[in-house]
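Each chain, letter by letter, is given below.
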Amino acid sequence: MINLTRLNDIPFTLNCELIEIIEEVPDTVITLVNGKKIFVKESRQSVVNLVKLYKKEVLCQTIPGNDK
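Read on for an overview of the structure. Everything numeric in this text was worked out from a predicted model, so none of it was measured.

## Details of the overall build of the protein
Moving on, step 1. Scanning the protein from terminus to terminus reveals one helix and five strands.
Moving on, step 2. Of the regular secondary structure in the protein, the N- to C-terminal order runs β-β-β-β-β-α.
Moving on, step 3. Within the protein, the fraction of its 68 residues that count as buried is 24%.
Moving on, step 4. Long-range pairs, those at least 24 residues apart, make up 35% of the contacts in the protein with a sequence separation of at least 6.
Moving on, step 5. Total accessible area on the protein is roughly 4800 Å²; 54% of this is exposed by carbon and sulfur atoms.

## Brief notes about the nonpolar core
Moving on, step 1. Residues I2, L4, F12, L14, C16, I19, I30, L32, I38, V40, V47 and V51 constitute the largest nonpolar core, which totals 12 residues.
Moving on, step 2. Counting only elements with at least two residues in this core, the list comes to β1 (2-5), β2 (11-14), β4 (28-32), β5 (37-40) and α1 (44-62).
Moving on, step 3. Non-local contacts of V40, meaning those with residues more than four positions away in its chain, are made with L4, T5, R6, L7, F12, T28, I30 and V47.

Procedures and definitions
Residues numbered from 1 in each chain as written. Predicted model: local features only at pLDDT ≥ 70, side-chain atom pairs only at ≥ 80, totals over all residues. Heavy atoms only, no water. Helix = DSSP H or I, 4+ residues; strand = E, 2+ residues; numbered from the N terminus. Buried < 20%, exposed > 50% of the residue type's maximum accessible area, 1.4 Å probe, protein only. Contact = heavy atoms within 4.5 Å. Areas by Shrake-Rupley, 256 points an atom, 1.4 Å probe, with all protein chains shown as cover. Core = buried A, V, L, I, M, F, W, Y, C linked by side-chain atoms within 4.5 Å.

The following block contains the structure:
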């Protein structure tokens, strides 16, 4: 799950496993696997970085012997 901000300044949390496409046109638009589009304030690269960080945290928790 990643925290993002809608264009109207309302924060929300998104299940990043549902992301299919991230575009900047010029606003950042996230298209989910069900076709729903969400416009966010964060840049495309920021969303990508948040997803990478989330996945890294999840993987670190599942690796046996990782005491982070």
